[in-house]
Amino acid sequence: MVRFLLQRLTGVGLVLVVMSILVYGLIGLMPGDPIDLMISADPNLTAADAERLRAVYGLDRPLHERYLAWLGGALQGDFGYSRLFGRPVLETLLPRLANTLMLMGLAFALALLIALPLGVLAARRPQSLTDGTVNLFAFAGISLPPFWLAILLILLFAVTLGWLPAGGMGDGTLAGTLSHLVLPALALTLASVGGYVRYLRASLMEALRQDYVRTARAKGLSDTRVVYGHALRNAMIPVVTVIALDFGTLFGGALITETMFGWLGMGKTIYDAIMGNDYNLALVGLLLATGTVLLANLLADLCYAWLDPRIRLE
Amino acid sequence: MTAARSDPGGASDLLAASSAAVQPGLSPMRLRLRRFRRHLPAVVSLAVLILLGLAALAAPLIERWMGLDATAVDLFARALPPSARHPLGTDELGRDLLLRLLYGGRVSLAVGLAAALFAALIGTGLGLLAGYYGGWFDSAVMRLADTVIALPLLPLLIVLAAVDLSKLGLPPELATSEEVSLYRIVGLIALVGWTVTARLVRGAVLSLKRREYVLAAEALGARPARVMWVHLLPNAVSPIVVAATLSVGNVILLESVLSFLGLGIQPPVPSWGNMLTGAQETIWSAPWLAIWPGLLIFVTVIAFNFLGDGLQDALDPKAEAERAS
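Nothing here was measured: the structure is a model prediction, and the numbers come from that model. (Residues numbered from 1 in each chain as written. Chains lettered and ligands numbered in written order. Predicted model: local features only at pLDDT ≥ 70, side-chain atom pairs only at ≥ 80, totals over all residues. Heavy atoms only, no water.)

Peer 1: For this particular structure, what's the right way to read the overall build of chain B?
Peer 2: Of the regular secondary structure elements, chain B holds 17 helices and zero strands. Sequence separation of 24 or more characterises 70% of the internal contacts of chain B that already satisfy a separation of 6 or more. Accessible area of chain B: about 15000 Å², with a carbon and sulfur share of 69%. (Helix = DSSP H or I, 4+ residues; strand = E, 2+ residues; numbered from the N terminus. Contact = heavy atoms within 4.5 Å. Areas by Shrake-Rupley, 256 points an atom, 1.4 Å probe, with all protein chains shown as cover.)

Peer 1: Honestly, the interface of chain B and chain A in this entry has me stumped. Any pointers?
Peer 2: Size of an interface: often given as the accessible area lost when the parts come together. Taken together, the 43 residues of chain B in the interface contact 51 residues of chain A. The junction of chain B with chain A conceals about 4300 Å² of combined surface from both sides, 78% of it contributed by carbon and sulfur atoms. Across the chain B-chain A interface, the total number found is one salt bridge. Our count for the chain B to chain A interface comes out at four residue pairs in polar contact (both at pLDDT 80 or more). Elements supplying a minimum of two residues to the side of chain B that touches chain A: α7 (135-150), α8 (153-162), α14 (237-260), α15 (279-282), α16 (288-315) and α17 (317-324) of chain B. No other element matches α16(B), which puts eleven residues into the side of chain B that touches chain A. For the side of chain B that touches chain A, the class distribution of residues is 32 nonpolar, six polar and five charged. (Buried area = accessible area lost by both parts, 1.4 Å probe. Salt bridge = Lys/Arg side-chain N within 4 Å of Asp/Glu carboxyl O. Polar contact = N/O pair within 3.5 Å; in protein donor to acceptor, adjacent residues only side chain to side chain. Nonpolar A, V, L, I, M, F, W, Y, C, P; charged D, E, K, R; others polar.)

Peer 1: I keep staring at the layout of surface pockets and nothing clicks. Help me out?
Peer 2: A probe matching the size of a water molecule, rolled over the atoms, marks out where space remains unfilled. All names here are of chain A. Taken as a whole, the second largest pocket encloses approximately 950 Å³ of empty space. Y24, P34, Y57, L59 and N280 are the residues nearest the centre of the second largest pocket, which is lined by 31 residues in total. Elements represented by at least two residues in the lining of the second largest pocket include exactly α1 (2-27), α2 (34-41), α4 (63-75), β1 (81-82) and α13 (279-307). Element by element, the count of residues in the lining of the second largest pocket is highest for α4, at five residues. Looking at the lining of the second largest pocket residue by residue, the class counts come to 14 nonpolar, nine polar and eight charged. (1 Å grid on protein atoms, 1.4 Å probe; cavity = no way out; pocket = protein on both sides within 12 Å on 5 of 7 lines; lining within 4 Å. Points joined across faces, edges and corners; volume = space filled by probe spheres on them.)

Following this line, the structure appears as structure tokens:
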């Protein structure tokens, strides 16, 4: 168990290091060189000034030296400054990570709560009208472009009905925050529920074909006991893995949803940072997001072992 | 679930043959066709996709027939509601919306098909090699695939799509040209889209390479390349076709997201994604501009998903047998 955890955590660290090297290397290829931006902001700067500025910011040193300096700082908790916000990167990112986790957590829980009964309903009567309807709903869910879904929700609930705000974070009060959270959470839920329904339906149908289900029926258990007590518990095991692997996709959905609704989360921050040439913020944001997703994945694997005692973590 | 999908074609032929005994006179191909035809959503989807594809191909003809120019900006005709001259109205620059949708469909469909094809090619190649040779190469490829699947890919793609190609030594006019922005998005999506196919093909190869006919071919001195190309690949075609079809929908979604965010297909070249970029601003005054491109993405993606589902039923009779039980 301890060995398993250590191995996985090393793996996460390795992915983060590889990713930081890759993205750090790409920063030099991004549009909008920081010194060029300073020069365009101040026409009095001469070429000599530009050279001096480059030296001041260490931009005249080779790439690997700059990366190692960045990594050294990062390992001591110094992730540098955000150009866009004029504050330490971490100070900008952490509250936004909390906002994203709030959005993703709510959407994830809602999606599971909706997917569970629908998947069970469909799997219990394969090829029936109910199954067909649920399946159609699930296919529609996975096929909706998430940003278009957001536009439609804004069009319906904010423009036409005027019930909810079209975007933003609210005034900081609980009611304000909640009313601004409803639409983005709904959009993210609808974007992910279809996939969950399909996994669950397929897995439960598979489980219902197993011999132990026949045995359970043969010994006279009620249909409900068979489905919920025996089949569903086993069907959940593969579903946990697939859903955990979907966390990365869920974060992608959160990025779109946050951008559409102006919800100040990690996804929107990374996107804004790239569009605003604030690459240090983008780099750390990307690493933080990746680390969070991979750790959530690890957590799901622990869940998996807990659900299935046959699995030993090694 | 994946295990059922990666069921090698050899076994499916066997099953198909045994049911052929019940229905004499039907070849495996005819049986597949018959199973496909029974999947109503898939048949409807195929028809819709053919219609959409034809309409997109015929865009220049329709343009001439309507007597309009799809690229002509008319600032006196901005965001007009539907009329006889403009059946779907005009966009925020006064261009005919229907024609832009058709031209945008060409781009979105072409990018979707091309990227899915390349992803399937990469995935098939890696899966074949990993499954056949095994060892460190296999574990490296599979570890890489698992990592890519778990990563939050969208922000990473956004970073990659934001790279200024002229800083890589490409001449600036080429770096921002229409062709390069097309190739770039196809390449980026293929770069992250190969994982599912690779795992499916590897799974199929792992079970196929233990079969007698493969061992016989090897005993007769067939080289690895021949074994893979002649004996393994043809029997792994079914899962590849299904996975590739299902991935087209995802690719079109991904392209639309990137283009919508301003990092994919660049205007004035229309794609269904970038036609929605300004939709949030015009949503109050001209909501139809926000409806149509999204509806077409939705219809296309769901059609490809249903088509893949139908193909799975048709090509993988084991899944069919499971459905019936």
